[in-house]
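Breakdown of the fold
This is what each chain is made of:
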Amino acid sequence: MPEAMVATRASEATSSGNTLEVDVAVVGAGFAGLYLLHRLRKAGLTTVALEEAGDVGGTWYWNRYPGARCDIQTIDYSYTFDSDLESTWKWSEKYATQPEILRYLGFVADRYELRRDIRFGTKVTAATWDEVSERWQLTTDNGAPVSCRHYIMATGCLSAPKPPEIDGVKDFKGEVYFTGRWPHEEVKLAGKRVAVIGTGSSGIQSIPVIAEQAAQLTVFQRTPNFALPAHNGRAPADRVALLEGDRAAYREQARWSLAGVPWPQQTVVSWQLSDAERRERFETAWAAGDLVYILTQLWADQGVDVEGNAILADLIREKIRSIVKDPETAAALSPHDHPFGAKRPCLDTNYYATYNRANVTLVNVRQEPITSITATGIRTDKRTFDVDVIVFATGFDAMTGAITAVHPIMGRGGKSLSDVWAGGPQTYLGLTVAGFPNLFMITGPGSPSVLSNMVPSIEQHVDWVADRLMAMREKGFTTIEATEKAQAGWARHMADCSMLTLHRLANTWYTGANVPGKAHSLMPYTGGVGPYRSICDEVVGHGMLGFRLTGANVAAQCNDGEIVRLQPDVRLVLGMLAQMNLPPIESFGAQGARDFVAEFNKSRPAGRPVGEVVDGTLPGADGPLAYRLYRPATPGPHPIVVYFHGGGWVLGDEQSDDPLCRDMCRRTGMIFVSVGYRHAPEHRFPTAAEDSFAATRWIAEHAGELGGRPGPVLVAGWSAGGNIAAVTCQLARERGGPEIAGQLLVCPVTDCRFDRPSYNDNAAGYFLTRSLMYWFWDIYCSPADRTDPRASPLRGKLAGLPPAFVVTCEFDPLRDEGIAYADALAAAGVHVERLQASGHFHSSFAMVDVVITGVSGRARMAGALRRFAGLSEGIGAQPAPDVAPQEINAAAG
Ligand code: N01
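Since this is a predicted model, take the numbers as computed values, not measurements.

1. Overview of the overall build of the protein
The helix and strand inventory of the protein stands at 27 helices and 30 strands. Judged by the C-alpha coordinates and their principal axes, the protein covers about 90 × 75 × 50 Å. Residue burial in the protein is summarised as follows: out of 893 residues, 60% are buried. A separation of at least 24 residues holds for 73% of the contacts in the protein among residues at least 6 apart in sequence. If you sum the accessible surface of the protein, you get close to 33,000 Å²; carbon and sulfur atoms cover 52% of it. In the protein, 84 positive and 98 negative side-chain charges are present, and the distance between their average locations comes to 2 Å.

Quick look at the structure:
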């Protein structure tokens, strides 16, 4: 049916006594509520929307403050479900004003005749799940109660204004306005003394406009925010051309992008660019006036790494200083307490320049706290400001407030949603909550919502929910409810995702920190719009994984489980590898596999800068061996870590784990010397082990010449390199040195047995396969030699070995032999520390800057190496700059 024809469908709600009976009740008539009404009507479900406001618009109905605009380009901030609608409506500006967006939503409501199913001026006062009828019973403050099979909160994320939390508001005799509840009639500010409290998006948009009207404007700022010039005007020709060139492709790209706007994934990292190149990229972004662009397109590490982020933050602060004439005011306006993007940045028109006006004063509330509001104005602990008008731009009880603050929602067993969420929101997919059957949320906590372009996210949610309701009806199911297990799995996945970005490092409304007493948790999903969409699709593909479905005349269905067990970035990497459909590495033969790996490594991000990289050769057991030395930028001499690369004794060389060696050199503040030991099949067992032992001895004896600290060395290795590191420790103990202070074994090969569960559980699909391991073993070592401790160190004598840090990954065939080695070392009295990395695969920690969630693990490895080296609190023992202290502690616990 053409979308426009849906309007003609009759709404067939029935009444039972005084109660309106519908299939679905929706709260809210903003972007989400309107599209829901349309989709559900199209599906033939009777629906009513209950809306507190007097008309459609949702957030755009209430937020009418001066200067209110959208800050995602409006061509992207539009419905996409009906191409006719898209071609009928033309936006007049790059960033539409609030009145224009409200007109658009009114136009949509008219076009699909949605108002006839909306009860305006109606607040739901309670929603209760009735176990007997399996329906939600709603009471309202206006009109008949409503009984519905499904209840959908389309209440938005930012619709419950936060109380100002400042004493004395009631005493103020002047005018008081809240940006989130701005009056519909004209507010006259001309000639008045106005105070604005708050410098988030609402404050930053309204301050320049208010400054032009008011006689005097005083801005009370608690936390400075990053703001970028919008450069509003007509929509940029290049974006419009892209959209109009292939509208369907443009929209589809947005749906699978990270932020819901079709920009490509940036791959160049900050340290690959010169200062001049970074500045040029920044100036382009500053001139573009596009939040999503600057947040995603400058360099790949800006949103995930504090150092990459700090470069950008410095450039923005430089801009602030160049615009604001008074240096003290410029300093007060410059944010230093959060990474750029971790708190919602703003888009402005003349915001910073406004502080050059003679009638504008900035009050830094951090230095001069507001103590009270009096009858005549605002008092700080230093001064009193008499004003005629106070504007509160103090924000919202975000995400959860929009749902729990609206009315009590009582689920199964009379449990209230507010109680269930007292410790922070728990959801499955951000769409549903265990214990609350047939309740859905659109853009709820746990969905990408506010970290995305809201409109495509809303469309995805609505489509997913509407499709589920239709599928349930077809199969005769009447209830749907998330399981506790699925919900707990989603919480874990959310926590994993929170490590991807820097949002966790700031106190913001994303984390609930803006509301006193609110539980602290990062509420929006940080894994991205496209990945989220694919997860929702997978839930369906796996037979509604994590949902229990029941119906009177059909057998109940519950495919319980967790939808994502991999770390989010591991999932992406493995998904990309699966799409490449590569032949098994072992099918290339040894040289072919080496060529393949060399080629593959070219596409990975470059390693980070260290103080110095030196290539050289050292005498091995049987001729010279190449090595690569990584020296920290800090003054030496540094302890030395002898490193052995991975590659199954067949592949790789002293340079092939370059990003990992650089990263660990930076984190530990130690020299890493990566040894180019010889490989099979040209040099089979025990060459790799003997070369590595000889190299370690030589490095220990020549530590001073290498610029290292004389004395014991440490060893480290990944995969087969972990095997070699473990063997080197055993040989050093047996052969009278060198002295080794500690060993770091990352996913090591420790034994020639293949019957441990991880060899079966993770036999295929996680890059390192069982058959590839068989191949490596066959090339390296004859079956007769495999039980030699130089091949299987688990079979060696373990007492008296240096302290060890053993890393194992959940989705690795080698997981259990690594754990077995750690167990055996501990049983032999060796000091052992472990990291059993859940959701990670064999290559997680080696894929530096691709698997971002490996950061905290590498920080722990570095901390262990420093301790083993006897170093006092230092780089590694302190939280790495990109890991919050509580995460280190949690990980260590
Ligand atoms: O709210 P906010 P907002 N004393 O929470 C300060 C979206 N939006 O309405 O940072 C003194 O960001 C508070 O200080 P601090 C957008 O997603 C979009 O501006 O908590 N100050 C902060 O400065 C945005 O992020 C558009 O220390 C107090 C400010 O008030 C979200 O809505 C436009 C205080 C609140 O900032 C919320 O924005 C507008 C107190 N007691 C909004 N309490 C678009 O353009 C709070 N503050 C699409």
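This is not the end of the story, as more comes after the structure.
2. Brief notes about helix α15 (residues 454–475)
Between its first and last C-alpha, α15 extends 32 Å over 22 residues, near the 32 Å set by a 1.5 Å rise per residue. Positioned one or two residues after α15, G476 has a phi angle of 85 degrees, which is positive.

3. Some details on the site of the ligand
The full set close to the ligand counts 26 residues, and R69, K162, S202, T223 and K343 are the nearest of them. Within the side chain of K162, a nitrogen or oxygen atom sits 2.8 Å from a nitrogen atom of the ligand. One of the backbone N or O atoms of A393 is found 3.2 Å from an oxygen atom in the ligand. In isolation the ligand offers 910 Å² of accessible surface; the protein chains occlude 90% of this area.

4. Topic: the side chain of D658
Tracing the sequence through the fold places D658 in helix α20 (residues 658–668). On the accessibility criterion, D658 (8% relative accessible area) is buried. At 2.7 Å, the side chain of D658 and the side chain of Y630 are in polar contact. Ignoring anything within four residues of it in the chain, the contact list for D658 reads R604, G607, R628 and Y630.

5. Description of the packing of α20 against helix α26 (residues 855–868)
In contact at an axis separation of 9 Å, α20 and α26 are set at 55 degrees when each is read in the N-to-C sense. Judged by the inter-axis angle, α20 sits oblique to α26. The two elements α20 and α26 meet at a crossing, and its hand is right-handed. Along the contact surface, α20 presents L660, D663, M664, R667 and T668, while α26 presents V855, R858, A859, M861, A862, L865 and R866. Residue composition of the contact of α20 with α26, by class: seven nonpolar, one polar and four charged.

6. A word on unusual backbone geometry
Residue P681 is reached from A680 by a cis peptide bond, and omega for that bond is 5 degrees. Position of P681 relative to the elements: it lies in the loop between β26 (671–676) and α21 (687–701). Cis geometry marks the peptide bond from F685 to P686, where omega comes out at 5 degrees. Examined against the element boundaries, P686 turns out to sit in the loop between β26 and α21. Its identity is not glycine, yet W649 carries a phi of approximately 65 degrees, on the positive side. Mapped onto the secondary structure, W649 falls in the loop between β25 (640–644) and α20. For F767, which is not a glycine, the phi torsion comes out positive at approximately 70 degrees.

7. What to know about the environment of R667
For R667, the location among the structural elements is in helix α20. The buried category is assigned to R667, whose relative accessible area is 9%.

8. Focus: the pattern of salt bridges
All chains considered together, the criterion is met by 54 salt bridges. In this structure, R631 and E612 form a salt bridge, with 2.7 Å as the shortest nitrogen-oxygen distance. You can see R631 sitting in strand β24 (residues 623–631) and its partner E612 sitting in strand β23 (residues 612–620), a full 19 residues away along the chain. A relative accessible area of 35% places E612 in the partly exposed class. Residues E690 and R735 are paired through a salt bridge, measuring 2.9 Å at the closest nitrogen-oxygen approach.

9. Describing the nonpolar core
Ranked by size, the top nonpolar core spans 130 residues in total, and within it F31, Y79 and L429 carry the most contacts. Ignoring anything within four residues of it in the chain, the contact list for L429 reads G446, S447, W464, W490, Y532, I535, V539 and F547. Grouped together as the second largest cluster of nonpolar side chains are 67 residues, L629, L798, Y821 and V830 included.

10. Quick look at α26
The terminal C-alpha atoms of α26 lie 20 Å apart, and with 14 residues this matches the ideal 20 Å at 1.5 Å per residue to within 8%. Counting buried residues in α26 gives 13 out of 14 residues, a clear majority hidden from the surface. Just downstream of α26, G870 is the residue with a positive phi angle, here 75 degrees.

11. Observations concerning the side chain of R756
Assignment of secondary structure puts R756 in the loop between β28 (740–746) and α23 (757–761). Looking at R756, its side chain comes within polar contact range of the side chain of D751, at 3.0 Å. Residues within four places of R756 in sequence aside, it is in contact with D751, L794, D816, E817 and A820.

12. Focus: the confidence of the model for the protein
On average, residues of the protein score 94 in pLDDT, and 97% of them are at 70 or above. Predicted confidence for residues 876–893 stays below pLDDT 50, and this span has 30 contacts to residues more than four positions away or in other chains.

13. Some points on the sheet that holds strand β22 (residues 554–558)
If you walk across this open sheet you meet the three strands as β20-β21-β22, and the pairing is antiparallel. Of all strands in the sheet, those bounded by a partner on one side alone are β20 (479–482) and β22. When the angles between neighbouring strand axes are averaged without regard to direction, this sheet yields 10 degrees. In this structure, strand β21 (residues 547–551) lies alongside β22, joined through three bridges in antiparallel fashion. Residue L549 lies in a different strand from β22, and its bridge partner there is Q557.

14. What about the pairing of strand β3 (residues 47–50)?
What you see with β3 is no split at all: T47 and A49 on one side and V48 and L50 on the other are buried throughout. Sheet analysis places strand β2 (residues 19–27) next to β3, joined by four bridges and oriented parallel. Across the sheet, the residue bridging to V24 is T47, located in β3. At this point the chain moves from β2, through helix α1 (residues 31–42), to the parallel β3, and the crossover so formed is right-handed. Two strands pair when backbone bridges link them, and β3 and strand β4 (residues 118–119) are joined in this way by two bridges, in the parallel orientation. Pairing of L50 across the sheet is with R119, part of β4.

15. Regarding the environment of I101
In this fold, I101 is placed in helix α4 (residues 98–111). Separated by 24 residues in the primary sequence, I101 and Y77 place their C-alpha atoms 9.5 Å from one another. Setting aside chain neighbours within four positions, we find I101 in contact with F31, W60, C70, Y77, W91 and A96.

16. Brief notes about the sheet that holds strand β9 (residues 193–197)
Taken in spatial order, the five strands make up an open sheet running β8-β17-β9-β10-β13, and their pairing is parallel. One side of each edge strand has no neighbouring strand; the edge strands of this open sheet are β8 (175–178) and β13 (360–364). The sheet shows a mean angle of 20 degrees between the axes of neighbouring strands, direction not considered. In terms of strand pairing, β8 meets strand β17 (residues 389–392) through four bridges, oriented parallel. Directly across from V176, in β17, lies its bridge partner I390. The sheet strands contacting helix α5 (residues 201–213) are β9, β10 (216–221), β13 and β17, and the helix crosses β10 at an angle near 155 degrees.

Reading the values: the criteria
- For every chain, the first residue of the written sequence is number 1, and numbering continues from 1 onward in sequence order.
- Given that the model is predicted, a residue must reach a pLDDT of at least 70 before its local features are reported, and side-chain atom pairs must reach 80 or more before they are shown or counted; all residues, however, enter totals for whole chains, interfaces and linings.
- With hydrogens and water stripped out, all remaining heavy atoms of the structure feed into the side-chain values.
- Each helix corresponds to a stretch of at least 4 residues labelled H or I by DSSP, and each strand to a stretch of at least 2 residues labelled E; elements are numbered beginning at the N terminus.
- Accessibility here uses a 1.4 Å probe with only protein chains present; expressed as a share of the type maximum, an area under 20% marks a residue as buried, one over 50% as exposed, and anything in between as partly exposed.
- Note on contacts: a residue pair qualifies if any of its non-hydrogen atoms lie within 4.5 Å across the two residues.
- Using a 1.4 Å probe, the Shrake-Rupley method yields the accessible areas, and only the shown protein chains count as cover for residues.
- Positive: Lys, Arg. Negative: Asp, Glu. His and the chain ends are not part of the count.
- By convention, the point assigned to a charge is CZ for Arg, NZ for Lys, CD for Glu and CG for Asp.
- What a helix is expected to span follows from its residue count: subtract one and scale by 1.5 Å.
- Here a residue counts as near a molecule or strand whenever at least one of its heavy atoms sits within 4 Å of it.
- Polar contact criterion, stated in full: a pair of N or O atoms within 3.5 Å, where within protein one must be able to donate a hydrogen and the other to accept it, and residues adjacent in sequence count only if both atoms are side-chain atoms.
- Lines are fitted to the C-alpha atoms to define the axes, a helix being fitted only along its stretch in contact, and any angle between axes, read from their N-to-C directions, falls within 0 to 180 degrees.
- Here is the rule for angles: anything less than 35 degrees is roughly parallel, anything more than 145 is roughly antiparallel, 65 through 115 is roughly perpendicular, and the remaining ranges are oblique.
- The handedness criterion is simple: a crossing whose near helix is rotated anticlockwise from the far helix by less than a right angle is left-handed, and one whose near helix is rotated clockwise is right-handed.
- Gly is put with the polar residues, along with every residue not named as nonpolar or charged; the nonpolar set is Ala, Val, Leu, Ile, Met, Phe, Trp, Tyr, Cys and Pro, and the charged set is Asp, Glu, Lys and Arg.
- In what follows, salt bridge is the name for a side-chain nitrogen of Lys or Arg lying within 4 Å of a carboxyl oxygen of Asp or Glu.
- By nonpolar core we mean a set of buried residues, namely Ala, Val, Leu, Ile, Met, Phe, Trp, Tyr and Cys, connected to one another through side-chain atoms within 4.5 Å.
- Every residue is assigned a pLDDT by the predictor, reflecting its confidence on a scale from 0 to 100.
- Any two strands with at least two DSSP-identified bridges between them are counted as paired.
- By the criterion used throughout, a crossover qualifies as right-handed when its path from the first strand across the helix to the second strand runs clockwise, the strands pointing away from the viewer.

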